[in-house]
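# A look at the structure
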Amino acid sequence: MAVHDDFGVGWDDDNNSIYGNLTLDHARRTLGLMDGRLFELRWGQRLEEQGDFWSPVRGRFALTHGPIFEVLLVALERRLPMEDVRDRLLVRHLCIHLIFCVGVGLFFLLLRRLLGGWRPALLGAALLVLSPRIFAHSFNNSMDIPFLATYVAVLLTMVRLLERPTLPRGLAHGLACGVLIATRIAGIIAPALTVLFFVVELSTRRPDRRGLVRAVVSLASCLGVMALVTVAAWPALWTDPPGQFLRAFEISANDPWHMWEMY
């Protein structure tokens, strides 16, 4: 944390901040917490000039980037008395790194559970921190680093659910999956893996009728909570959750990105 101000501004720092502010204002307007005229005053010209890109409902950015962490970062920025751009960026970078630290802690817990000891778990967590590219991104990448941390949370809650399917564990895993998908739509792989491993576990263990009912209830609660959290945390889906989600999936699968990236 002491070196969070040693890292520069990321390529998407400004875009992601704009997206978080726009999404938060759109959600507040939709819920009746913000006057529509104020929203138009703030965003009308930008939406008129680049509506297909920035629109909080039909825009490509809103449908390919889950907003949950961006909105949380912006909400925190608005609560703190910051007028200097540098201070705002440093707060963003510190918060992103704190999310990464939480992910590292969850990774340690996951490895300790899988490997049966704290020493190999500590080694694994240290290797995650010592990866130079990941460590540098842990200060200014507000999309992929929260996705990494949340994916670790998904794996940990999945392992716990598979070990002993209960309603609380199903709810916890559903919450983690919902947050993951509302961070990046690629998180849809999480419920797919959960269902797959659930089928494998049930076919291997062959539980009695009571155990089977408990497992099915836990899985159903997981998927239900996941769907609710995904929609609630992603305002672009509010108008038509199934249709908008399918559209987001299609756009993400064929993202017309024209620049080559080496990483």
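Residues numbered from 1 in each chain as written. Predicted model: local features only at pLDDT ≥ 70, side-chain atom pairs only at ≥ 80, totals over all residues. Heavy atoms only, no water.

## A short note on the overall build of the protein chain
What counts is decided by this rule: Numbering of helices and strands starts at the N terminus; helices are DSSP runs of H or I of at least 4 residues and strands are runs of E of at least 2. With C-alpha atoms as the basis for the radius of gyration, the globule rule is written as 2.2 Å multiplied by the number of residues raised to the power 0.38. The cut-offs for exposure are 20% and 50% of the maximum accessible area for each residue type, with area from a 1.4 Å probe on protein chains only; residues under the lower value are buried, those over the upper are exposed, and the others partly exposed. Contact between two residues is taken to exist if any of their heavy atoms lie within 4.5 Å; hydrogens are not considered. In short, Shrake-Rupley with a 1.4 Å probe defines the accessible areas, and a residue's cover is counted only from the protein chains shown.
For the protein chain, the helix and strand inventory stands at 12 helices and zero strands. Relative to its length of 263 residues, the protein chain is compact, with a C-alpha radius of gyration of 20 Å against a globular reference of 18 Å. Taken along its principal axes, the extent of the C-alpha atoms in the protein chain is 60 × 45 × 40 Å. Among the 263 residues that make up the protein chain, the fraction classed as buried is 45%. Contacts in the protein chain between residues far apart in sequence, at least 24 positions, make up 71% of those at least 6 positions apart. Within the structure as shown, the protein chain displays about 14700 Å² of accessible surface, and the carbon and sulfur contribution to it stands at 64%.

## What about the pattern of salt bridges?
This is how it is decided: Should a side-chain nitrogen of Lys or Arg be within 4 Å of a carboxyl oxygen of Asp or Glu, the pair is scored as a salt bridge.
Counted under the stated rule, the structure contains 11 salt bridges. Between Asp-25 and Arg-28 there is a salt bridge whose closest N-O contact spans 3.8 Å. Here the residue Asp-25 and the residue Arg-28 both occupy positions in helix 1 (residues 13-30), the gap between them amounting to three residues, near one helical turn. Asp-25 gets classed as buried once you look at its relative accessible area, which sits at 0%. By relative accessible area, which is 29% here, Arg-28 ends up partly exposed.

## As for the packing of helix 9 (residues 167-181) against helix 11 (residues 209-232)
As a reminder, the rule being used: In this analysis an axis means a line fitted to C-alpha atoms, helices contributing only their contacting stretch, and an angle means the value between N-to-C directions, from 0 to 180 degrees. Between 65 and 115 degrees an angle is taken as roughly perpendicular, under 35 as roughly parallel, over 145 as roughly antiparallel, and anywhere else as oblique. Two helices cross in a left-handed way if the nearer one is turned anticlockwise from the farther one by less than a right angle. They cross in a right-handed way if the turn is clockwise. Basically, the charged four are Asp, Glu, Lys and Arg, the nonpolar ten are Ala, Val, Leu, Ile, Met, Phe, Trp, Tyr, Cys and Pro, and anything else, Gly included, counts as polar.
It is at 7 Å that the axes of helix 9 and helix 11 come closest, and there the two elements cross at 30 degrees. By the angle between their axes, helix 9 is roughly parallel relative to helix 11. Considering the relative orientation of helix 9 and helix 11, their crossing is right-handed. Where helix 9 approaches helix 11, its residues Leu-167, Gly-170, Leu-171, His-173, Gly-174, Leu-175, Cys-177, Gly-178, Val-179 and Ile-181 are matched on the opposing element by Val-217, Ser-218, Ser-221, Cys-222, Val-225, Met-226, Val-229 and Thr-230. Its residues placed into classes, the contact of helix 9 with helix 11 shows 11 nonpolar, seven polar and no charged.

## Things to note about the side chain of Asp-25
Filter applied, for reference: Any N or O atom pair separated by 3.5 Å or less is treated as a polar contact, with the protein-specific requirement of one donor-capable and one acceptor-capable atom, and with residues adjacent in sequence counted only for side-chain atom pairs.
Only 3.0 Å separates the side chain of Asp-25 from the side chain of Arg-42, close enough to count as a polar contact. When neighbours within four sequence positions are excluded, Asp-25 is seen to be in contact with Met-34, Phe-39, Arg-42, Trp-43 and Arg-78.

Functional significance is not addressed by these values, which are geometric in nature.
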